[in-house]
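An overview of the molecular structure
What follows is each chain in one-letter form.
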Amino acid sequence: PTASQDCLQRVGAQAARHRWNSVLLHGLPDEGIGVQILGMTLLLDGEIERVLSDLELDGLLGRLPGTLGLHAVGDPVVLPHSWGPSGYQMLSESHFAFDYWHRNFVTMELFSCKPFPVDETVAWLVKEFAVTKLAYGMPMVIRRGMGLSA
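Residues numbered from 1 in each chain as written. Predicted model: local features only at pLDDT ≥ 70, side-chain atom pairs only at ≥ 80, totals over all residues. Heavy atoms only, no water.

As for its position among the elements, D45 is in strand β1 (residues 39-48). It turns out D45 is buried and unbridged, and the closest side chain with the opposite charge, K133, is 13 Å from it. If near-sequence neighbours (up to four positions away) are discounted, D45 is found in contact with F105, V106, T107, M108, K133, L134, A135 and M138. (Helix = DSSP H or I, 4+ residues; strand = E, 2+ residues; numbered from the N terminus. Buried < 20%, exposed > 50% of the residue type's maximum accessible area, 1.4 Å probe, protein only. Lys, Arg positive; Asp, Glu negative; His and termini not counted. Salt bridge = Lys/Arg side-chain N within 4 Å of Asp/Glu carboxyl O. Contact = heavy atoms within 4.5 Å.)

Listed below in structure tokens is the structure:
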């Protein structure tokens, strides 16, 4: 398998161990403790096979909302950088950001107040962005607004 396929297999194994489940992460009582969740942030840091072009990143950012059942607000914004382009897509549900930090090291952040399937989202990001290795502890899901009233 390619490095990206191998990474997808490792992500699947992690998902099974950590029980990432959008039902537990959004707007429902969290594992029986009665705390409402108002949204979540999905963080993914890793290495990718190669530096994307500005046009490739623009295309991926443009496809992401429809693929995940989210809604784009405007066009993607892509900014050139010496290591590779960075960009973001504003969403009616919040935003998705992609940044190169150094050569092939990237960070991705998806914040949404609308539920989205975590496993499928991680698999799509790993596959489409050709992630070959995840940073330790990634992907990370942060539950937002716990204990706050909507």
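After that view, the rundown keeps rolling.
Quick look at the nonpolar core now. Membership of the largest hydrophobic core comes to 28 residues, with the highest contact counts inside it found for F96, F98, M108, L125 and F129. Those elements giving two or more residues to this core turn out to be β1, α3 (54-68), β4 (94-102), β5 (105-112), α4 (118-128) and β6 (131-134). Beyond its immediate chain neighbours, meaning those up to four positions away, F129 contacts I48, L52, L57, L60, F96, F98, M108 and W124. (Core = buried A, V, L, I, M, F, W, Y, C linked by side-chain atoms within 4.5 Å.)

With that settled, consider the pattern of salt bridges. The full count for this structure, using the stated rule, is three salt bridges. Ionic pairing is found between R50 and E56, a salt bridge with its closest N-O pair at 2.5 Å. The structure contains a network of salt bridges with shared partners spanning R63, K127 and E128.

Here three bridges tie strand β2 (residues 77-79) to strand β3 (residues 86-91), and the two strands are oriented antiparallel to one another. Counted as the bridge partner of V77 is Y88 from β3. In this structure, the hairpin formed by β2 and β3 is closed by a connection of six residues, where G84 is found at a positive phi of approximately 150 degrees. Across five bridges, the pairing between β3 and β4 is antiparallel. In the sheet register, Q89 faces β4, and the bridge partner there is F96. Where β3 folds back on β4, the antiparallel hairpin that results is connected by two residues. (Pairing = 2+ DSSP bridges.)

Keep in mind these values describe shape, not function.
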